[in-house]
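# Structure at a glance
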Amino acid sequence: MSDAGIIKIAVMAVGGQGGGVLTGWIAALGERAGWHVQATSVAGVAQRTGATIYYIEMAPDGPRGRPVFALSPAPGHVDVLIAAEIMEAGRAAQRGFVTPDRTVLVASTHRILAVSEKQVPGDGRGDGAEVLAALRSHAAEIVAFDMEALAREAGSVISASLFGGLARSGALPFAAAEFEAVIAASGRGVEASLAAFRGALDWQPPAVAPPASEPGPEMAGPEAMLATPVRNPDIDRLAHDLRTRQTKTLAAGIDMIMAD
């Protein structure tokens, strides 16, 4: 806790991931403990349509009464950053919301492709594993694994598993039972949400199989469930043919102009 006892939490989510629900749960968590809480959100159209920054500030009651809360996160002043996708975590770090002296990062390692990635013929995906490796030097602590997969398996949405990741991080002074009580009090999709929450809370890295007699390429750490992108040879060949035809057409046009 810093800044006069105020805990500052930013949530980076894309439309449909339950960012508003997650923010409501975090706010309810503080309110159940008798804390002062304020939650805001700023919708935007950035890397993906509908990307939203949710922001929560909370502080226990004290001799000075109710604290004055900010309406949006400031670079270098975020205690917990929750990202519902690994590239959103990278964008948050670029904006200064993730700092090694302060920020606990809770992020899902799965990918939602940006428009620029979809426009590339073939495979234009960015390397999420590289982003995650860079984030390790930006955050004070990091909790990162595929929370989308856990939510899907539980029949819930990622907001519930991110809430479990937050509880797992220990960044807030509340017991796991208090997190579960908040979900139970919501009254909607409780069983599935609790299953996703507990899945993230108790997640363990997959066991690494021993190398075979002829070892193949290894994945670097449990976060490498982000597999190395595999290019599509058919699309690559088509893109090559198109570039070749464009070059020939351009050359023919130049020859005609020179001939005239």
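Shown above is the structure to which this text applies.
Read on for an overview of the structure. Quick caveat: nothing in here was measured; it's all calculated off a predicted structure.

## Notes on the sheet that holds strand β6 (residues 141-145)
Across the sheet, six strands lie side by side as β2-β3-β1-β4-β5-β6; this open sheet has mixed pairing. Each edge of the open sheet carries a strand with a single partner, namely β2 (36-43) and β6. Within the sheet, the average angular offset between the axes of one strand and its neighbour, ignoring direction, is 10°. Bridge analysis of strand β5 (residues 104-108) against β6 gives five bridges, and the strand direction is parallel. Paired with Leu105 across the bridge in β6 is Ile142. Of the strands in this sheet, β1 (7-13), β4 (80-83) and β5 are in contact with helix α2 (residues 86-94), which crosses β5 at around 150°. On top of the sheet, helix α5 (residues 147-154) reaches β5 and β6; it is set at about 55° to β5, its chief contact.

## As for the pairing of β1
Counting buried positions along β1 gives seven out of seven residues, so the element sits mostly inside the fold. Of the two faces of β1, both are covered, the one formed by Ile7, Ile9, Val11 and Ala13 as well as the one formed by Lys8, Ala10 and Met12. Of the strand pairs in this sheet, β1 and strand β3 (residues 52-59) are connected by seven bridges, and their pairing is antiparallel. Across the sheet, Val11 pairs through a bridge with Tyr54, a residue of β3. Bridge count for β1 against β4 is four bridges, and the pairing is parallel. Counted as the bridge partner of Ile9 is Val80 from β4.

## Overview of helix α8 (residues 190-201)
Note: α-helices contain 3.6 residues per turn, so residues at a spacing of three or four share the same orientation. For α8, which comprises twelve residues, the first-to-last C-alpha distance of 16 Å matches the rise-based estimate of 16 Å (1.5 Å per residue) to within 8%. Among the residues of α8, those classed as buried are Val190, Ser193, Leu194, Ala196, Phe197 and Ala200. When α8 is viewed along its axis, its buried side chains cluster within an angular range of 165° and face the same direction. Buried residues along α8 sit against α1 (19-32), β6, α5, α6 (158-169) and α7 (176-186).

## A few points about the packing of aromatic side chains
Counted according to the given criterion, the structure contains six aromatic pairs. Between the aromatic rings of Phe163 and Phe197, the centroid separation amounts to 5.9 Å while the plane-to-plane angle is 50°, which identifies the pairing as tilted. Of this pair, Phe163 sits in helix α6 while Phe197 sits in helix α8; the two residues are 34 residues apart in sequence, bridging distant segments of the chain. The exposure class of Phe163 is buried, given its relative accessible area of 0%. Ring pairing ties together the aromatic residues Trp25, Phe163, Phe179 and Phe197, which thus form one cluster.

Conventions and cut-offs
Every chain is numbered on its own, with residues counted from 1 as its sequence reads. Given that this is a predicted model, residues contribute local features only at a pLDDT of at least 70 and side-chain atom pairs are listed and counted only at 80 or more, while totals for whole chains, interfaces and linings are drawn from all residues. Water and hydrogen atoms were dropped before computing side-chain values, which therefore reflect all heavy atoms in the structure. We treat two strands as partners when DSSP finds at least two bridges between them. The secondary structure listing takes helices from DSSP runs of H or I that are at least 4 residues long and strands from runs of E that are at least 2 residues long, numbered from the N terminus. Inter-axis angles, ranging from 0 to 180 degrees, are taken between N-to-C directions of lines fitted to C-alpha atoms, where helices are fitted over the stretch in contact. We call two residues contacting when some pair of their heavy atoms lies within 4.5 Å. A 1.4 Å probe rolled over the protein chains alone gives each residue an accessible area, and that area as a share of the maximum for its type sets the label: buried under 20%, exposed over 50%, partly exposed in between. In this scheme, a helix's expected span is set at 1.5 Å multiplied by one less than its residue total. In this description, the arc belongs to the directions extending from the helix axis to the C-beta atoms. Planes of paired rings set the category: under 30 degrees apart is stacked, over 60 is edge-to-face and the rest tilted, where pairs are Phe, Tyr or Trp rings (Trp by its six-membered ring) whose centres lie within 6.5 Å.

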